[in-house]
Amino acid sequence: MAKVVGSVVSTQKDPSLVGRKLMIVQPVNSDGQSVRHQEVAADSVGAGVGEYVLLVRGAGARRASQLDDGIRDVNDCAIVGIIDRFDK
């Protein structure tokens, strides 16, 4: 889980990232407290700054994008859901 804290604009990037929104996310625990460091995630659901989101990494992040066969995907972190609330 993470909170979206900003966005990244990059005009020069790997072709697999063209047309994808890149967001700065701050990983959080179930209390909404920051853990670890901020990172960049490719947004596949239209999340906005201030929203809490679900993240996937590694192979899951690469599968979250819809790329043509044969194009490699360099993505290692993707936003795949927007969190409505935390229940404990």
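Everything in this summary refers to the structure shown in the same document.

The rules we used
Sequence order as written defines residue numbering, which begins from 1 separately in each chain. Reporting in this predicted model follows two pLDDT cut-offs: at least 70 for local features of residues, and 80 or more for side-chain atom pairs to be given and counted; totals over whole chains, interfaces and linings ignore these cut-offs and use all residues. Computation of side-chain values: all heavy atoms of the structure, hydrogens and water removed. Any two strands between which DSSP finds at least two bridges are classified as paired. Each helix is a run of DSSP H or I of at least 4 residues and each strand a run of E of at least 2, with the numbering of both proceeding from the N terminus. For every element, the axis is a line fit to its C-alpha atoms; helices are fit only across the contacting stretch, and the angle between N-to-C directions ranges from 0 to 180 degrees. Each reported salt bridge corresponds to a side-chain nitrogen of Lys or Arg within 4 Å of a carboxyl oxygen of Asp or Glu. Here the term buried applies to any residue with accessible area under 20% of the maximum for its type, exposed to any over 50%, and partly exposed to those in between, with areas from a 1.4 Å probe on protein chains only.

**Quick word on the pairing of strand 5 (residues 77–82)**
Pairing geometry for strand 3 (residues 39–43) and strand 5, over two bridges, is parallel. Its bridge partner being in strand 5, Asp 43 is matched across the sheet by Ile 79. Both strand 4 (residues 52–57) and strand 5 contribute to a ladder of five bridges, which runs antiparallel. Each residue of the ladder has a partner; that of Val 56, found in strand 5, is Ala 78.

**Section: the pairing of strand 4**
In terms of strand pairing, strand 1 (residues 2–8) meets strand 4 through two bridges, oriented antiparallel. Residue pairing in the sheet places Lys 3 in a bridge with Tyr 52 of strand 4.

**With respect to the sheet that holds strand 1**
Sheet architecture is closed into a barrel: five strands sit in the order 1-2-3-5-4, paired in mixed fashion. Each strand axis lies, on average, 55 degrees off the axis of its neighbour in the sheet, ignoring direction.

**Overview of the pattern of salt bridges**
All told, the structure shown has three salt bridges when counted by the stated rule. Between Glu 39 and Arg 57 there is a salt bridge whose closest N-O contact spans 2.4 Å. Taken together, the positions of Glu 39 in strand 3 and Arg 57 in strand 4 put the pair 18 residues apart, joining distant regions of the chain. Take Arg 57: its relative accessible area is 39%, and that puts it in the partly exposed class.

On their own, these measurements won't tell you what the molecule is for.
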